[in-house]
2 protein chains.
Amino acid sequence: MLKLDARDLKILSILQTEGRISKSELAKRVNLSNTPCWERLQRLEAAGIVRGYGARIALEALAEHVTIFVTAELENHRSGDFSRFEDAVSGEPEIVACWALGGGLDYLFQVVTRSVGTYQLLIDRLLTGDTGLKRYFTYIVTKEVKNGGVPLEIFKSL
Amino acid sequence: MLKLDARDLKILSILQTEGRISKSELAKRVNLSNTPCWERLQRLEAAGIVRGYGARIALEALAEHVTIFVTAELENHRSGDFSRFEDAVSGEPEIVACWALGGGLDYLFQVVTRSVGTYQLLIDRLLTGDTGLKRYFTYIVTKEVKNGGVPLEIFKSL
DNA sequence: GATGAAACTGCTCCAAG
DNA sequence: CTTGGAGCAGTTTCATC
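Bear in mind that the values here come from a model prediction, so they are computed numbers and not experimental data. (Residues numbered from 1 in each chain as written. Chains lettered and ligands numbered in written order. Predicted model: local features only at pLDDT ≥ 70, side-chain atom pairs only at ≥ 80, totals over all residues. Heavy atoms only, no water.)

Caption draft 1: Summary view of the overall build of chain A. When helices and strands are counted, chain A shows 5 helices and 5 strands. Listed N to C, the secondary structure of chain A is α-α-α-β-β-α-β-β-α-β in terms of helices and strands. For 158 residues, the compact-globule estimate of 2.2 N^0.38 gives 15 Å, and chain A exceeds it by more than 25% at 20 Å. Dimensions of chain A, computed from C-alpha atoms along their principal axes, come out at roughly 60 × 40 × 25 Å. Sequence-distant contacts, at least 24 apart, represent 63% of the contacts inside chain A between residues at least 6 apart. When the accessible surface of chain A is totalled, it reaches about 7700 Å², and 52% of it is carbon and sulfur. Taking the 20 positively charged and 20 negatively charged side chains of chain A as two groups, their mean positions are separated by 9 Å. (Helix = DSSP H or I, 4+ residues; strand = E, 2+ residues; numbered from the N terminus. Rg over C-alpha atoms; globule rule 2.2 N^0.38 Å. Contact = heavy atoms within 4.5 Å. Areas by Shrake-Rupley, 256 points an atom, 1.4 Å probe, with all protein chains shown as cover. Lys, Arg positive; Asp, Glu negative; His and termini not counted. Charge placed at Lys NZ, Arg CZ, Asp CG, Glu CD.)

Caption draft 2: Highlighting the protein's contact with DNA strand C. Close to DNA strand C lie A:Ser22, A:Lys23, A:Ser24, A:Thr35, A:Trp38, B:Leu32, B:Ser33, B:Thr35, B:Pro36 and B:Arg40. Take the atoms of DNA strand C that sit within 4 Å of the protein: sugar and phosphate atoms are 86% of them. Between a phosphate oxygen of DNA strand C and a main-chain N or O atom of A:Ser24, the distance comes to 3.0 Å. Contact between DNA strand C and A:Trp38: a phosphate oxygen at 2.9 Å from a side-chain N or O atom of the residue. Of all the elements in the fold, those that place two or more residues in the surface near DNA strand C are helix H2 (23-29) and helix H3 (34-46) of chain A together with helix H3 (34-46) of chain B. Sort the elements by how many residues they give to the surface near DNA strand C and H3(B) lands first, with 3 residues. Looking at the surface near DNA strand C residue by residue, the class counts come to 3 nonpolar, 5 polar and 2 charged. (Near = heavy atom within 4 Å. Polar contact = N/O pair within 3.5 Å; in protein donor to acceptor, adjacent residues only side chain to side chain. Nonpolar A, V, L, I, M, F, W, Y, C, P; charged D, E, K, R; others polar.)

Caption draft 3: Structural detail: the interface of chain B and chain A. Contact with chain B, which involves 71 residues of that partner, is made by 71 residues of chain A. Summed over both partners, the interface of chain B with chain A comes to about 6500 Å²; 61% of that surface belongs to carbon and sulfur atoms. Where B:Glu60 meets A:Arg51, a salt bridge forms, and the shortest distance between an N and an O atom there is 3.6 Å. Applying the counting criterion to the chain B and chain A interface returns 41 residue pairs in polar contact (both at pLDDT 80 or more). Of all the elements in the fold, those that place two or more residues in the side of chain B that touches chain A are helix H1 (6-17), strand S1 (50-57), helix H4 (79-90), strand S3 (95-101), strand S4 (107-113) and strand S5 (133-147) of chain B. When residues in the side of chain B that touches chain A are grouped by element, the largest group, 9 residues, is from S5(B). Split by residue class, the side of chain B that touches chain A holds 40 nonpolar, 16 polar and 15 charged. By the bridge criterion, 5 bridges tie strand S5 (residues 133-147) of chain A to S3(B) in an arrangement that is antiparallel. (Buried area = accessible area lost by both parts, 1.4 Å probe. Salt bridge = Lys/Arg side-chain N within 4 Å of Asp/Glu carboxyl O. Pairing = 2+ DSSP bridges.)

Caption draft 4: Geometry of the relation of the copies chain B and chain A. In screw terms, the move from chain B to chain A is a rotation of 180° and a rise of 0.0 Å along the axis, fitting with an RMSD of 0.1 Å. When the rotation and shift are considered jointly, the pair of chain copies conforms to a two-fold rotation axis. Counting the interface residues of chain B, we find that 100% of their copies in chain A are interface residues as well, pointing to one common contact surface. (Least-squares fit on C-alpha atoms with pLDDT ≥ 70 in both.)

Caption draft 5: Broad picture of unusual backbone geometry. Here A:Asn31, not a glycine, exhibits a phi torsion of approximately 55°, which is positive. On the secondary structure map, A:Asn31 appears in the loop between H2 and H3.

Caption draft 6: Inspection of the packing of aromatic side chains at higher detail. Enumeration over the complete set of coordinates arrives at 10 aromatic pairs over all chains. An aromatic cluster is built from A:Phe82, A:Phe85, A:Tyr107 and A:Phe109, whose rings are joined through pairwise contacts. The aromatic ring of A:Tyr53 is capped on one face by B:Arg20, whose charged end is 5.3 Å from the ring centroid. (Phe/Tyr/Trp six-rings, centres within 6.5 Å; stacked < 30°, edge-to-face > 60°. Lys NZ or Arg CZ within 6 Å of the ring centre and 35° of its normal.)

Below, the structure is given as structure tokens:
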């Protein structure tokens, strides 16, 4: 694990919100000259800490859609059961995120789709496909309250 | 709502994964010359469809941390109760995302923090602060299975 | 929509302190 | 780490078709 100083963290937190900032502007913002700042960024990218860049897209300005969270419980807990379900999840673009959970529930996943109807089609695919899904619970999102980035501030003291 | 053709969607989906692509390279990828592609992007940004750009940061390569999902139920459902809770959520950087839900539960939120201990401190802050939080349930994430972007493919036929 | 070009800014690398 | 700069690539805005 690469050790990072406060400047590296500042570079990361600037890039997190301003991914298309120019490298010379970035250097100014962290009080470094061009060259060493560029070298730091190279290191961060090479180490895989910066995994890439992306546009933040306002889906709500683009098309009608619904966001739904689903908790899932599997039929069985043998080693193959988990990877079978996870493969099914990977193959569904409407499942935008999925996490394995400790405790009674096995998975939580987030669906973004056109409507409740297309969500039901997705669930039907999961139930009739050989995914091992036993029980699920649907939570429809009525409002996105917050969606920020990872709080790098918390790790400042490393 | 701005109407977008297939090229606009392609621009968006390229930018979603390659946020730092050069504008001339982007133009090539969508089979347009420099100028009209640049104009489309200007429109998309001006319309707020592209809300910004950000680096994808691999937190796991950076520091030990835990991800936890929490479902929350509020004491009361008067108009002020929701905004009071949402304000508290906004003020906590460790709460990286929060959604209001239909049905019995009021909110789902995602916490990224250093440890289970710091998570408990967060919960204590929410409980002792005047947030109206009545009942909550903790789901510790043991594995991130998938974390992709919004599936623009789904909206191709618009 | 396409093309070409002008003026500018930024990028990458290198040298020297 | 700094400054300075060379050579090249990318950006933005033109005018023209």
